[in-house]
Amino acid sequence: MTELWRMSAAELARHIRSGEVSALEAAEAALARLDAVNPQLNAVVDHRPDEVLAQAREIDARRRRGEDPGPLAGVPVTVKINIDQAGYATSNGVRLQAETIAQENSPVVDNLLRAGAVILGRTNTPAFSLRWFTDNKLHGATHNPRNARLTPGGSSGGAAAAVAAGVGHLAHGTDIAGSIRYPAYACGVHGLRPTLGRVAAFNAALPERSLGGQITAVSGPLARTIADVRLGLAVMAQPDPRDPWWVPAPLQGPDVARRAALCVHPDGMRVEPQIEAALHAAAAHLRAAGWEVDEVEPPSLKEAAGLQIRMWLADGYEAMVAAAEREGDAGAIAALRGQREVAQGLDLPGYIQTLTRRATLVREWERFFARYPVLITPVSAELPFPDGLDLEGDAAYARVWKAQTTQIGVPFMGLPALSVAMGEVEGPHGPAPVGVQIMAGRYREDLCLAAGEVIERALPPVSVATPAG
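Residues numbered from 1 in each chain as written. Predicted model: local features only at pLDDT ≥ 70, side-chain atom pairs only at ≥ 80, totals over all residues. Heavy atoms only, no water.

Per an unreviewed UniProt entry, the protein goes by Amidase and derives from Bordetella genomosp. 1. Turning to the protein, the UniProt record has this under Sequence similarities (unreviewed entry): "Belongs to the amidase family." (UniProt positions renumbered as here; feature names shortened; annotations may be inferred.)

Written out as structure tokens, the structure reads:
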């Protein structure tokens, strides 16, 4: 039998439900893998082995009693340190919040536990979850398990690094500007940003989020197979009365024509040749499976990205800057100072105008998806950045944000998007993961996943990374 920690979440759950493997054995294997590779990665920054084993024993006892152990049936998973897990700090990578201990679980954690998951540990994020690089003064830096010279991505860098290295079979992440999709891309795994309202969110340990955060930030799954991403979404998307934005939309929508749009250079974006090749390869795989694929220009993601940054950061900007300066985190300070002109220039009429424009853009995108149910774009204009690039001066910072336009724009409309891993290429800093982004209309994650599965089937399986020791 395959080593337990190497199995997909779906495969391991089947073995545990059938009794071939116990949840305790799976948990012990996961903890051993964590011990073996996490010292090199620093992906999981808070875990309690005794609690992990106790959760697993309860799953085994449930199965022995003839009870349904749930769709995740003892599968070890990780959750990000910016959501509530009772008894743990909701630190968001910030020393200022190191003693902010949650008294109750967030909806995501409750849904994972109800599904039979075993929470293996909590994964790292940059301070305030503000960067595409994962480092903070509370827990330190997380490293990319496929190439330590590259960023693991952010802000769900710990989540992506963990699942890529076989530390857990499924990872939870959050995404307000690419924080699921970019780490998945950088670490060579798959990651789904669901539609706004698909996955319930609430952190009782923290103040209520501002409106910009409420209507653009989401939680979603990262995994080594698209089937596991699908499973993770189904589990996370269960209802919870604590989130007023949650929508009871079906996970499977009506049948549509197998038609996709391909945009290699959105808004004229210059894209590295290896990424262009991946985009054309993804389109070819869809065509070979019977899809019609046309190369077209969709509505502007560049405009949406600019409005997203404004809406996200302008509300409470000065307070965010003050907190970053008290924390003394260079990455957070650079991220906020780099957007000062956009964030400070927004008054109440401008904020209202931004929200008004949002309705127009959502309409334009939904009309586009009525013609082309899915869209293939770059995740980033560049291969994964060298780690810490955004701290190398104003030009480097501007380069990073410009390359990420296709990620930043998506949350402004509340749309779903899937980062699909497509193997590795040789980059200027050694081997580098590459992939594509698949977008669809609101609540049509099923279309993103269907297209992603076609691409996945045409490629070798995503490998488990072994970090250099």
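## Considering the UniProt feature "domain: Amidase" (unreviewed entry) in the protein
Summarizing the sequence annotation, UniProt attributes the feature "domain: Amidase" (unreviewed entry) to residues 25–449 in the numbering used throughout. Structurally, residues 25–449 is divided into 40% helix and 15% strand, and its ends, taken at the C-alpha atoms, are 31 Å apart. (Helix = DSSP H or I, 4+ residues; strand = E, 2+ residues; numbered from the N terminus.)

## A closer look at the side chain of His15
With respect to the helices and strands, the residue His15 is situated in helix H1 (residues 9–18). Here His15 is in contact with Met1, Met7, Glu20 and Val21, once residues within four sequence places are set aside. (Contact = heavy atoms within 4.5 Å.)

## Quick notes on the environment of Lys137
Relative to the helices and strands, Lys137 resides in the loop between strand S3 (118–123) and helix H5 (157–164). Each C-alpha atom, one on Lys137 and one on Gly153, is 17 Å from the other, the two residues being 16 residues apart in sequence. Among residues more than four places away in sequence, those in contact with Lys137 are Arg95, Glu327, Gly328 and Asp329.

## Let's talk about the sheet that holds strand S11 (residues 430–440)
Paired through their backbone hydrogen bonds, the strands of a sheet run either parallel or antiparallel. Ordered by their spatial adjacency, 11 strands build an open sheet running S1-S3-S2-S4-S6-S5-S10-S11-S9-S7-S8, and the pairing between neighbours is mixed. Since the sheet does not close on itself, it has two edges, and those belong to strand S1 (44–46) and strand S8 (292–295), each with one partner. Neighbouring strand axes in the sheet, compared pairwise and without regard to direction, differ in orientation by 30 degrees on average. With 2 bridges connecting them, S1 and S3 associate as antiparallel partners. For Val44, the partnering residue across the bridge sits in S3 and is Thr123. (Pairing = 2+ DSSP bridges. Axes fitted to C-alpha atoms, helices over the stretch in contact; angles between N-to-C directions.)

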